[in-house]
Amino acid sequence: MQDQQALSVQPLLEEIRAQAAAADESRSVAMSVIDGLKGNEIIRFSASENLGGLARSTSDIGEELEAVAAACGSTAWVLWNHLATFHLFAGLLGPEQSPFLSEIIAKGEWVCFPAGASTGVRATPARQQFTLEGKAAFGSGARYADWAGVAFVIEDRAAPQFSMVKLDQPGVHIDPDWKAMSLRASATDTVYYSGVEVAASRVVPFHFRYREVFRDPSHRMIDPRYREDWVALSDLWLAMMAVGVVQANLDEVTQGIKDRVAIGGVKVAERPTVHVNLGQAKASIDAARDTASTALLETDQRIAGKITPTEAGYLRQMSASMAALRLCDEAMRFLIRVMGGNGLREGPSFERRYRDFQAMPLHINAHQDRLSEQIGRNLLGLATENPF
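All of these numbers come straight from a predicted model, not from anything done at the bench.

Another point: the layout of surface pockets. Approximately 1100 Å³ is the volume found for the largest pocket. Around the largest pocket sit 39 residues that line it, and A115, G116, A117, I364 and F388 are the ones nearest its centre. Mapped onto the lining of the largest pocket, the elements with two or more residues apiece are α5 (73-93), β2 (120-126), β4 (147-154) and α8 (230-256). Among the elements that line the lining of the largest pocket, the one with the most residues is α5, at 6 residues. Taken together, the residues of the lining of the largest pocket break down into 25 nonpolar, 13 polar and 1 charged.

Written as structure tokens, this is what we have:
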């Protein structure tokens, strides 16, 4: 279990927790919370020291996100997106863009990466710049962010390119269209680009299977930590967030059930099936935390030793996150059995966390169907096919 007093986000947790219900209702995280996170050192955790960041371990990041998720799922989700996508952006942009990335870190600015299904952005070259047109979907945190990564295609060229766009520049429009039941305040919105200009000097290739490019020792990186695949890290951090959400529900159930009386006047806390389900839930949560934490520790040891990651290590990270998320899903099902119909009542924090959790195993990065297929192919000696 965490020592929350040692966490960087500890001073913000009470405010994050206090606004969680209102954030869910209004579909917006309180701006005071966003400003607090931007002013907290957590915003610099995934940035290397040569960028002015703190280069904190992947384990530290996981523990911080676990605590934030227990307080508010939507807030954790957008912070997670910033920390994970900055890792990707630093890898893609490379040493030549270090001054640009250092400025983002120095200003405490937030990044996001709208690039989900239905995304389509094209660019027209003109002198020393490109003009972007199109839309980018599933931009978690877009309304709170300062910068967006954007993948696009230049006219007839097949290979996609990458750059970053300031979200307050002319031609950028964020449509607040995330009307989902889960993570309602995550601002997983669609970003539209209309005549948006980006400097050609800040455009780099968006390599297919970029994780393999990053592992090449001859490929220059800002820091060795960025050779680790950002999707694999995001999955492990997502697993830690899931642990935080389900643990919070377990804590709430065990505390709140003590005075409940069932039909016939039986005390709920004295029913054997309640004991069984709570025990199973705790075991699953503990196992999920241990599974994700162990894989993060292995990653940290590799980074510390400047050991280049391999496809096997990447698949190990993926399998650990998939297993941890499955264990959390199992734990949540045990808890809803204990809560019964009361667990589905709108309003209480249990129901909000239950809804928020549903999005976690479904995220494309961590979806078990996508991951398990590639792990199975690898076991049979077949090449993995997933681009990310």
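Further remarks concern α5. With 21 residues, α5 should cover 30 Å at 1.5 Å per step; its first-to-last C-alpha distance of 30 Å lies within 8% of that length. With 21 of 21 residues buried, α5 lies mostly within the body of the structure. Backbone geometry just downstream of α5 places G94 in the positive-phi region, at approximately 75°.

This part takes up the nonpolar core. Ranked by internal contacts, the top residues of the largest apolar core, which has 126 residues, are L101, L132, M164 and Y193. No other element matches α8, which puts 16 residues into this core.

Below, the discussion takes up the packing of helix α10 (residues 311-339) against helix α11 (residues 349-358). One can describe the packing of α10 onto α11 by two numbers: an axis separation of 11 Å at closest approach and a directional angle of 150°. One way to sum up the angle between α10 and α11 is to call them roughly antiparallel. Crossing geometry of α10 relative to α11 is assigned as left-handed. Mapping the contact onto sequence places L325, C328, D329, M332, L335, I336 and M339 in α10 and F350, R353, Y354 and F357 in α11. For the contact of α10 with α11, the per-class residue count stands at 9 nonpolar, no polar and 2 charged.

The rules behind these values
- Residues numbered from 1 in each chain as written.
- Predicted model: local features only at pLDDT ≥ 70, side-chain atom pairs only at ≥ 80, totals over all residues.
- Heavy atoms only, no water.
- 1 Å grid on protein atoms, 1.4 Å probe; cavity = no way out; pocket = protein on both sides within 12 Å on 5 of 7 lines; lining within 4 Å.
- Points joined across faces, edges and corners; volume = space filled by probe spheres on them.
- Helix = DSSP H or I, 4+ residues; strand = E, 2+ residues; numbered from the N terminus.
- Nonpolar A, V, L, I, M, F, W, Y, C, P; charged D, E, K, R; others polar.
- Expected span 1.5 Å × (residues − 1).
- Buried < 20%, exposed > 50% of the residue type's maximum accessible area, 1.4 Å probe, protein only.
- Core = buried A, V, L, I, M, F, W, Y, C linked by side-chain atoms within 4.5 Å.
- Axes fitted to C-alpha atoms, helices over the stretch in contact; angles between N-to-C directions.
- Parallel < 35°, antiparallel > 145°, perpendicular 65-115°, else oblique.
- Left-handed = near helix turned anticlockwise from the far one by under 90°.
- Contact = heavy atoms within 4.5 Å.

Just geometry here; none of it tells us what the structure is for.
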